[in-house]
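Examining the three-dimensional arrangement
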Amino acid sequence: MGILFTRMFSSVFGNKEARILVLGLDNAGKTTILYRLQMGEVVSTIPSGQTSIRPYWRCYFPNTQAVIYVVDSSDTDRIGVAKEEFHAILEEEELKGAVVLIFANKQDLPGALDDAAVTEALELHKIKSRQWAIFKTCAVKGEGLFEGLDWLSNTLKSGSG
Ligand SMILES: Nc1nc2c(ncn2[C@@H]2O[C@H](COP(=O)(O)OP(=O)(O)O)[C@@H](O)[C@H]2O)c(=O)[nH]1
Ligand SMILES: [Mg+2]
């Protein structure tokens, strides 16, 4: 599970400061997404590792308003691991109030699962009492990213999360 922790400031979020965690398995596209967005200040980047390092990055959870979970939609071999990690994150007490934006990334690759298939693979229907949305993205082309952030911005502005 790789992790990037960022604070984003931009026209998308106005003057509001939001604490957002960008999470996902290694190679999902997290760094590419932050590079494409060219927004925000990356406060901390924790090198990728195994699930067992979660205790070390728990300290970033408090006061997080949103989680962006990035999935390599073409990596069907690891989609099950991505699902397990995702639900483990949702169970974290400190992230209970966070809204969740899922990026079904790498849509340009052959065999990539679409948003409906990623929704099913990640068992997003199991999410209870939390606002979430999924967007198809291609981080290398910058596609879908701002649509997702618009949703996130509007959701945070509306007071939840
Ligand atoms: N084809 C394709 N490759 C992508 C996309 N997003 C990221 N990648 C590539 O996937 C690899 C891992 O991306 P990276 O951002 O480093 O993943 P991270 O480990 O989650 O930070 C790099 O070679 C990226 O260029 C995408 O949307 N489409
Ligand atoms: Mg990275």
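Description of the structure in this document. Since this is a predicted model, take the numbers as computed values, not measurements. (Residues numbered from 1 in each chain as written. Chains lettered and ligands numbered in written order. Predicted model: local features only at pLDDT ≥ 70, side-chain atom pairs only at ≥ 80, totals over all residues. Heavy atoms only, no water.)

Moving on, we come to the overall build of the protein chain. From N to C terminus, the protein chain includes 5 helices and 6 strands. Across the protein chain, helices and strands are ordered from the amino to the carboxyl terminus as β-β-α-β-α-β-α-β-α-β-α. Relative to its full complement of 161 residues, the protein chain shows a buried share of 50%. (Helix = DSSP H or I, 4+ residues; strand = E, 2+ residues; numbered from the N terminus. Buried < 20%, exposed > 50% of the residue type's maximum accessible area, 1.4 Å probe, protein only.)

Throughout the structure, instances matching the rule amount to 1 aromatic pair. Centroid distance Tyr69 to Phe86: 4.9 Å. Interplanar angle 50°. Geometry classified as tilted. Of this pair, Tyr69 sits in strand E4 (residues 66-72) while Phe86 sits in helix H3 (residues 79-90), and the two are 17 residues apart along the sequence. For the pair formed by Tyr69 and Phe86, the shared burial category is buried. (Phe/Tyr/Trp six-rings, centres within 6.5 Å; stacked < 30°, edge-to-face > 60°.)

Neighbouring ligand 1 are 15 residues; Asn27, Lys30, Thr31, Thr32 and Asp108 lie closest to it. Separating an oxygen atom of ligand 1 from a backbone N or O atom of Ala28 is a distance of 3.2 Å. Residue classes in the shell around ligand 1 are distributed as 6 nonpolar, 5 polar and 4 charged. (Near = heavy atom within 4 Å. Polar contact = N/O pair within 3.5 Å; in protein donor to acceptor, adjacent residues only side chain to side chain. Nonpolar A, V, L, I, M, F, W, Y, C, P; charged D, E, K, R; others polar.)

As a further point, take the pattern of salt bridges. Following the criterion strictly, the structure yields 6 salt bridges and no others. Between Asp72 and Lys106 there is a salt bridge, with the nearest N and O atoms lying 3.2 Å from each other. Placement of the pair is Asp72 in strand E4 and Lys106 in the loop between strand E5 (99-105) and helix H4 (115-121), with a sequence separation of 34 residues. Taking relative accessible area as the criterion, Lys106 reaches 17% and is therefore assigned buried. Here Lys83 ties to Glu123 by a salt bridge, and the two come within 3.5 Å at their closest N and O atoms. Taken together, the positions of Lys83 in helix H3 and Glu123 in the loop between H4 and strand E6 (132-136) put the pair 40 residues apart, joining distant regions of the chain. When its relative accessible area of 17% is taken as the criterion, Lys83 is described as buried. Each of the salt bridges in this network shares a partner with another, and the network as a whole consists of Lys83, Glu84, Glu123 and Lys126. (Salt bridge = Lys/Arg side-chain N within 4 Å of Asp/Glu carboxyl O.)

Turning our attention to helix H5 (residues 145-157). Helix length check: H5 (13 residues) gives 18 Å between terminal C-alpha atoms against 18 Å at 1.5 Å per residue, within 8%. Within the sequence span of H5, burial applies to Leu145, Gly148, Leu149, Trp151, Leu152, Ser153, Thr155 and Leu156. (Expected span 1.5 Å × (residues − 1).)

With that out of the way, let us pick up helix H1 (residues 30-37). The set of residues buried in H1 consists of Lys30, Ile33, Leu34 and Leu37. Projection of H1 onto a plane perpendicular to its axis shows the buried side chains occupying an angular sector of 95°, all on one side. Across H1 from its buried face, at more than 90 degrees, point the exposed residues Thr31 and Tyr35. The positive-phi residue at the C-terminal boundary of H1 is Gln38, with phi of around 45°. (Arc of directions from axis to C-beta.)

Membership of the largest hydrophobic core comes to 23 residues, with the highest contact counts inside it found for Leu21, Tyr69, Phe86, Ile102, Leu122 and Leu124. Of all elements in the fold, only strand E2 (14-24), E4, H3 and E5 reach the threshold of two or more residues within this core. In terms of residues, this core owes the most to one element, H3, which gives 5 residues. Counting residues in each nonpolar core, the second largest holds 20 residues, with Leu34, Val70, Ala133 and Leu156 among its members. (Core = buried A, V, L, I, M, F, W, Y, C linked by side-chain atoms within 4.5 Å.)

Relative to the assigned elements, Arg19 resides in strand E2. In the structure, Arg19 is positioned 43 residues away from Pro62 in sequence and 9.4 Å away in space, judged by C-alpha atoms. A distance of 3.3 Å separates a polar side-chain atom of Arg19 from the backbone oxygen of Pro62.

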